[in-house]
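Breakdown of the fold
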Amino acid sequence: MSSVLFDSPGPRGRRLVMFGNVASGVVVAGVVVFVLVVLAQQGQLDPALWVAALDGRAWQFYYLPGLQNTLRAAAFATVGAVAFGVLFGVGRLSLNPLVRVLSGVVVEFFRAVPVLLMMFFLWVFFSRQLTWVPDRPYAAVVVALVLYNGSVIAELVRSGVRNLPRGQSEAALAVGLTGAQSLRSVLLPQALVAMLPAVISQLVVVLKDSALGTLIAYPELLRATQILASGEQNPLQALTVAALVFIVLNWLLSVLAHRLSLTLSSRTSGKTVEGVGIGNPVAAPVVPEPH
Amino acid sequence: MDDYFAELGELFERFNVVGAFWTNIQLTFWAALIALALGTVLALMRISPIASLRFAGTAYVNVIRNTPLTVIIIFMVLVVWTLFAVTLAPGFNDNFFRLAVIGLAIYHAAFVCEAIRSGVNTVPVGQAEAARAIGLPFLAAARLVILPQAFRGSIAPLGNTLIALLKNSTVAAAGSVSWETASTMRLMIEFRPDHLYLIFFIFALGYVVLVIPIGVVTTWLSDRLAVKR
Amino acid sequence: MRKHTIRLMAVAAAAALSLSACGGGEVGEEPTEGATTAEGGGTIRIGIKYDQPGLGYQDADTFTGFDVDVATYVADKLGYSADQIEFVESISANRETMLQNGDVDMIFATYSITDARKEVIDFAGPYFVAGQDLLVAEDNTDITGPETLEGKNLCSVTGSTSAQKIKDNYATGVNLLERPGYAECVTALGAGQVDAVTTDDIILAGLAATEANAGKFKVVGAPFSEENYGVGLPKGSELCEDINAAITEMIEDGTWEELVAKNTEGTGYTPNAELNPPTPAPCA
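Residues numbered from 1 in each chain as written. Chains lettered and ligands numbered in written order. Predicted model: local features only at pLDDT ≥ 70, side-chain atom pairs only at ≥ 80, totals over all residues. Heavy atoms only, no water.

Per an unreviewed UniProt entry, chain C goes by the name Glutamate ABC transporter substrate-binding protein and belongs to Antribacter soli. Word for word, the UniProt comment on chain C under Sequence similarities (unreviewed entry) is "Belongs to the bacterial solute-binding protein 3 family." (UniProt positions renumbered as here; feature names shortened; annotations may be inferred.)

Looking up chain A in an unreviewed UniProt entry gives the name Amino acid ABC transporter permease, with the organism given as Antribacter soli. Database annotation for chain A, UniProt heading Sequence similarities (unreviewed entry): "Belongs to the binding-protein-dependent transport system permease family."

Structure follows, in structure tokens:
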């Protein structure tokens with residue numbers, strides 16, 4: 001993509017780059033050696049600690065059940081967030097000013113409050129007020145994630161509809177559809193397709209944020225890892241494994257989101273948005289990429 | 001009614017809510033500065049002519065943005081401080097505050113990088129061609145032509161990153177910064193569970209009051225500074 | 001176009017459902033379905049800690065530790081065999097509400113009997129008297145109690161008040177570190193970045209007794225608080241008398257001593273002999 005910014009380096013440039021690569025390779029290798037030496041001094045390279053963090057027992061009784069809980073929370077939270085997002089996103093596009101304002105207040109509120117505060121609050125709230133809720137830490141995690149990510153998706157829905165070419169709604173009105181009908185049968189379906197990759201990127205946010213559940217003892221991956229670590233006394237090793245699991249899983253989701261955005265762009269007149277996965281919709285670039 | 005306000009007074013005297021918010025604001029401010037610098041360097045690396053730099057930039061972004069922030073903050077204390085004995089300030093509280101700032105900056109730099117890259121994508125190809133045509137090498141073209149326009153184009157996503165950073169600064173609780181908002185709210189609720197709604201409302205409102213102006217300002221700036229084409 | 005959207009939504013929903021069909025994987029434990037209350041026979045639900053080796057620890061698919069052993073003994077006397085017990089995680093902040101909401105029938109989780117807690121729940125026991133103490137490196141000689149911590153670095157777990165208590169009452173110049181788990185505190189102690197870890201003595205002994213820590217740390221052995229570990233029960237529970245009888249029997253037949261020794265093996269730890277073994281207090 002950047003080829004327009006520079007020429008392919010010539011022989012002198014290539015030599016320079018080669019020299020730079022070798023030099024930085026040496027530096028990186030030096031850093032790695034330093035890290036390993038310090039870890040060895042601290043006794044953190046003791047094979048027993050790593051085996052305990054990697055063996056079948058760790059996976060069977062800690063990581064995998066924890067991961068199952070992480071995925072369970074993330075799956076429900078995503079479905080709930082999409083429902084919440086479509087509902088309030090459409091609410092913000094409503095012709096009724098009251099509905100519009102109310103949806104706006106709800107969406108802006110839940111986008112502004114940190115998920116961690118929301119989880120703490122809901123956890124205590126469920127424990128004290130809604131005692132019929134069966135699995136309360138789980139419910140607090142899911143509901144907090146739905147409220148926050150649902151608000152983000154509501155914004156995606158709204159901007160998705162807004163970013164459609166005007167011809168779409170004009171054509172719908174011209175064939176005699178009412179405003180609501182054109183929203184339902186012409187605009188929304190295209191906006192939803194356009195935002196699907198962004199929803200999958202949002203799933204990355206959901207998965208990462210579900211790790212906050214560890215602070216209210218929801219037995220997700222990070223919590224399970226901590227329990228493993230407190231018995232084996234290997235927090236560094238166990239957390240490294242858990243971090244790698246998160247990275248691989250989220251990376252696969254990001255790749256999926258990217259693929260989808262390429263595939264789906266033919267099915268909508270809007271521009272598919274990938275989102276960068278930080279939890280806020282990114283304004284879709286209006287100008288084509290420099291090629 | 002008087003009793004109610006007396007109880008409130010007691011609650012606020014015992015817990016420093018304003019101080020807690022000030023902590024999060026400071027965490028956000030310093031982390032934002034470092035993340036902006038680091039993120040710009042990463043964005044330059046990702047569009048640079050040197051393949052190994054592009055690879056390093058891409059690898060950084062893909063690893064960091066897929067890692068839960070909680071894990072990064074825990075690693076700052078567990079690895080950087082505990083095992084490598086990196087001390088950033090003589091006092092314990094200052095030290096953990098700074099470690100949390102670095103952790104937040106490392107995480108959000110990945111998103112700053114992506115925001116700037118999306119800004120680079122708003123720069124028309126003719127601009128880059130013109131820069132090349134007058135003989136500017138890569139760094140000069142980036143510094144004089146591409147980045148100034150890219151920054152303007154990336155204000156909206158950068159604003160979103162700043163908002164996310166402010167909210168994520170609560171995760172510093174996992175890095176022994178126990179006087180920030182999330183920890184303070186938790187202690188207050190444990191101390192006076194009967195005031196649950198009020199306590200949550202105060203903290204939620206605090207964040208709404210902080211977040212909405214950032215959103216308004218960045219939208220205004222991004223409209224005002226957008227390069228009219 | 002609409003068909004595609006609906007199909008995509010349906011795929012997402014189906015994925016969510018198939019995930020949920022696997023049920024909630026409780027870390028190393030069977031789902032709670034079909035559990036009945038103690039009165040209904042069948043199983044009994046007991047709240048324990050999952051992350052405190054030596055007291056309440058989830059070890060693969062079993063549970064180990066002093067609290068678990070005492071709970072198993074008491075449940076046996078109440079007529080529940082080991083396989084009729086369903087252990088549930090109850091973290092400190094959540095213990096009262098779990099009892100009030102009927103999530104568990106009783107709690108054995110380093111649960112100190114206090115007047116404030118007695119207002120909302122009942123206690124049987126105590127079955128052990130712990131005290132706040134310090135864990136230090138095996139070769140440390142200059143830390144002998146909380147007042148010797150002036151200028152030292154001290155670690156405790158997030159949300160616990162034990163470290164703050166030391167700062168307020170014994171050594172105002174102590175530096176506090178809060179970590180999400182005990183393992184991280186112990187790692188910091190091993191690396192020399194903190195000088196001591198604080199919490200109840202028997203918890204510290206349990207940490208020191210883990211295989212990975214063998215011979216590295218010691219409990220100072222000068223407890224400076226009195227924590228009466230009781231059995232948490234819902235208000236008005238009828239089990240209190242029977243539990244107290246079981247605890248008394250456990251102490252008299254030597255099982256108590258055996259269990260303490262077994263769970264703190266190799267640390268040289270002995271419980272505060274003036275207060276242990278305790279006599280269960282009469283039920284309310």
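Moving on to the UniProt feature "domain: Ionotropic glutamate receptor C-terminal" (unreviewed entry) in chain C. Sites flagged by UniProt as "domain: Ionotropic glutamate receptor C-terminal" (unreviewed entry) map to residues 43-266 of chain C. As a span, residues 43-266 of chain C carries 31% helix and 27% strand, and end to end its C-alpha atoms are 35 Å apart. (Helix = DSSP H or I, 4+ residues; strand = E, 2+ residues; numbered from the N terminus.)

Residues and elements named next belong to chain A. Structurally, chain A comprises domain 1 (8-45) and domain 2 (47-267). For domain 1 and domain 2, the distance between their C-alpha centres works out to 38 Å. Both sides together, the interface formed by domain 1 and domain 2 hides about 330 Å², and carbon and sulfur atoms give 51% of it. Taken together, the connections running from domain 1 to domain 2 amount to 0 salt bridges. Inspection of the domain 1/domain 2 interface yields 2 residue pairs in polar contact (both at pLDDT 80 or more). (Domains from an automatic or database assignment. Buried area = accessible area lost by both parts, 1.4 Å probe. Salt bridge = Lys/Arg side-chain N within 4 Å of Asp/Glu carboxyl O. Polar contact = N/O pair within 3.5 Å; in protein donor to acceptor, adjacent residues only side chain to side chain.)

Now for the packing of helix α4 (residues 69-83) of chain B against helix α5 (residues 92-120) of chain B. Residues and elements named next belong to chain B. The N-to-C vectors of α4 and α5 enclose an angle of 130 degrees; their axes lie 9 Å apart at closest approach. Relative to α5, α4 is oriented oblique. You can see that α4 and α5 cross each other, and the crossing is right-handed. For the pair formed by α4 and α5, the contact residues are Leu69, Ile72, Ile73, Met76, Val77, Val80 and Trp81 on the first element and Phe92, Asn95, Phe96, Leu99, Ala100, Ile102, Gly103, Leu104, Ile106, Tyr107 and His108 on the second. (Axes fitted to C-alpha atoms, helices over the stretch in contact; angles between N-to-C directions. Parallel < 35°, antiparallel > 145°, perpendicular 65-115°, else oblique. Left-handed = near helix turned anticlockwise from the far one by under 90°. Contact = heavy atoms within 4.5 Å.)

With that settled, consider the pattern of salt bridges. For the coordinates displayed, the defined rule picks out 24 salt bridges over all chains. Note that glutamate 114 of chain B and arginine 117 of chain B form a salt bridge whose closest N and O atoms lie 3.3 Å from each other. Remark: arginine 117 of chain B and glutamate 114 of chain B occur in helix α5; sequence separation between them is 3 residues, near one turn of the helix. Between lysine 118 of chain C and aspartate 115 of chain C there is a salt bridge; the shortest N-O distance is 4.0 Å. Of the two residues, lysine 118 of chain C and aspartate 115 of chain C are both situated in helix α4 (residues 115-118); the distance of 3 residues between them amounts to about one turn of the helix. Through salt bridges that share partners, Arg92, Glu108, Arg111, Glu155 and Arg158 of chain A make up one connected network.

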